[in-house]
Amino acid sequence: MIKGKLTDTHSRSYRGITPQIGNRVYIDASAVLVGDITLADDVSIWPLVAARGDVNTITIGARTNIQDGTVLHVTRKSSANPEGNLLAIGEDVTVGHKCMLHGCVLGDRILVGMGAIIMDGVIVEDDVFIGAGSLVPPNKILKSGYLYVGNPVKQARLLKGSEASFLKQSAINYVELKDEYIEHEQV
Ligand SMILES: CC(C)(COP(=O)(O)OP(=O)(O)OC[C@H]1O[C@@H](n2cnc3c(N)ncnc32)[C@H](O)[C@@H]1OP(=O)(O)O)[C@@H](O)C(=O)NCCC(=O)NCCS
């Protein structure tokens, strides 16, 4: 059980940079975080998440949850792509089970449905719902307030009021759940 810090088993320094962990962060013992990764307060990282901040940076905003089996990675700088593609995930974001987020930028209050793939250069604005199994192709911009589904992803419709409010509620639920894990989990 991890309470706001990492052990050597899943925190790995790369080129002298070690993941930076905020307060009350929960990280499952089976998750792996390598290199230039910053987790803000109350983030939760669930079983079998792999996050590799080696050739660029990964930042995860406050109260965001990254669910089981999700992979987070980035793209290196090159002459064709001088900044590469970092991965930035905003606040109160829910990333469902077994997603792949690669070199993209997500705003706040987003739900990434189970198994979704989000590719390099994508920008997801605040308050977006991405359906399970969606594929978001490189450099696409997902506009605030909409549901997107499909492979490749398409704008389906405006979010209903209940869906829009669930985006924040989902993050609250996961903050409460990780607090319960911090209190009750036994290793
Ligand atoms: C997209 C979603 C929000 C449902 O939206 P909805 O508007 O209520 O959709 P409905 O169930 O009424 O289905 C409407 C159509 O969309 C299709 N559809 C539903 N979910 C879909 C998805 N993820 N991808 C593609 N199509 C989908 C349905 O098959 C249906 O198609 P049809 O009209 O040809 O029959 C939901 O299916 C979803 O993907 N939720 C994500 C859940 C999740 O992963 N949570 C995170 C884990 S904690």
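Relevant structure appears above.
Please read these numbers as outputs of a predicted model, since none were measured by experiment.

Focus on the nonpolar core
The nonpolar side chains of a soluble globular protein tend to be buried with one another. With 35 residues, the main nonpolar core has L101, L106 and V112 as its most contacted residues. Every element with two or more residues in this core is listed here: β4 (32-39), β6 (50-60), β9 (87-89), β13 (110-112) and β16 (128-130).

Focus on the pattern of salt bridges
Evaluation of the coordinates by the stated rule reveals 10 salt bridges. Between E91 and R63 there is a salt bridge whose closest N-O contact spans 3.3 Å. With E91 in the loop between β9 and β10 (94-95) and R63 in the loop between β6 and β7 (65-66), this pair connects stretches of sequence that are 28 residues apart. You can call E91 partly exposed: its relative accessible area is 36%. With a relative accessible area of 28%, R63 lands in the partly exposed category. Ionic pairing is found between D127 and R109, a salt bridge with its closest N-O pair at 2.8 Å. Placement of D127 in the loop between β15 (123-124) and β16 and of R109 in the loop between β12 (105-106) and β13 is noted, with a sequence separation of 18 residues between them. We classify D127 as partly exposed; its relative accessible area is 21%. We classify R109 as partly exposed; its relative accessible area is 26%.

Comments concerning the site of the ligand
Around the ligand sit Q67, L111, G113, M114, F129, G131, A132, V149 and R157, and that is every residue in its neighbourhood. Here M114 contributes a backbone N or O atom positioned 2.7 Å from an oxygen atom of the ligand. The separation between an oxygen atom of the ligand and a polar main-chain atom of A132 is 2.8 Å. In isolation the ligand offers 900 Å² of accessible surface; the protein chains occlude 42% of this area. Grouping the amino acids of the shell around the ligand by side-chain chemistry returns 5 nonpolar, 3 polar and 1 charged.

Remarks on a nonpolar patch on the surface
A cluster of nonpolar side chains, V71, M100, I117 and M119, forms an exposed patch at the surface whose accessible area comes to about 260 Å². Along the polypeptide, V71 turns up in strand β8 (residues 71-73). Residue class for V71 comes out partly exposed when judged on its relative accessible area of 30%.

With respect to the pairing of strand β19 (residues 146-149)
Across 2 bridges, the pairing between β16 and β19 is parallel. Within β19, the position partnered with F129 by the bridge is L147. As paired strands, β19 and strand β20 (residues 154-158) are joined by 4 bridges and run antiparallel to one another. Across the sheet, the residue bridging to V149 is K154, located in β20. Counting the residues between successive antiparallel strands, the hairpin from β19 to β20 contains 4 residues, one of them, G150, with a positive phi of roughly 105°.

Overview of the sheet that holds strand β3 (residues 26-27)
Spatial ordering of the open sheet is given by β3-β5-β7-β10-β13-β16-β19-β20, a layout of 8 strands whose pairing is mixed. Looking along the sheet, the strands with just one partner apiece sit at the ends: β3 and β20. Of the pairings in the sheet, the one linking β3 to strand β5 (residues 44-45) comprises 2 bridges and is parallel in character. When the bridges of β5 are listed, I27 appears paired with I45. In this fold helix α1 (residues 161-184) packs onto β3, β5, β7, β10, β13, β16 and β20, with an angle of close to 75° to the strand it touches most, β13.

Parameters and conventions
- Residues numbered from 1 in each chain as written.
- Predicted model: local features only at pLDDT ≥ 70, side-chain atom pairs only at ≥ 80, totals over all residues.
- Heavy atoms only, no water.
- Core = buried A, V, L, I, M, F, W, Y, C linked by side-chain atoms within 4.5 Å.
- Buried < 20%, exposed > 50% of the residue type's maximum accessible area, 1.4 Å probe, protein only.
- Helix = DSSP H or I, 4+ residues; strand = E, 2+ residues; numbered from the N terminus.
- Salt bridge = Lys/Arg side-chain N within 4 Å of Asp/Glu carboxyl O.
- Near = heavy atom within 4 Å.
- Polar contact = N/O pair within 3.5 Å; in protein donor to acceptor, adjacent residues only side chain to side chain.
- Areas by Shrake-Rupley, 256 points an atom, 1.4 Å probe, with all protein chains shown as cover.
- Nonpolar A, V, L, I, M, F, W, Y, C, P; charged D, E, K, R; others polar.
- Patch = residues over 30% accessible without salt bridge, like charges linked within 9 Å, V, L, I, M, F, W, Y side chains within 5 Å.
- Pairing = 2+ DSSP bridges.
- Contact = heavy atoms within 4.5 Å.
- Axes fitted to C-alpha atoms, helices over the stretch in contact; angles between N-to-C directions.

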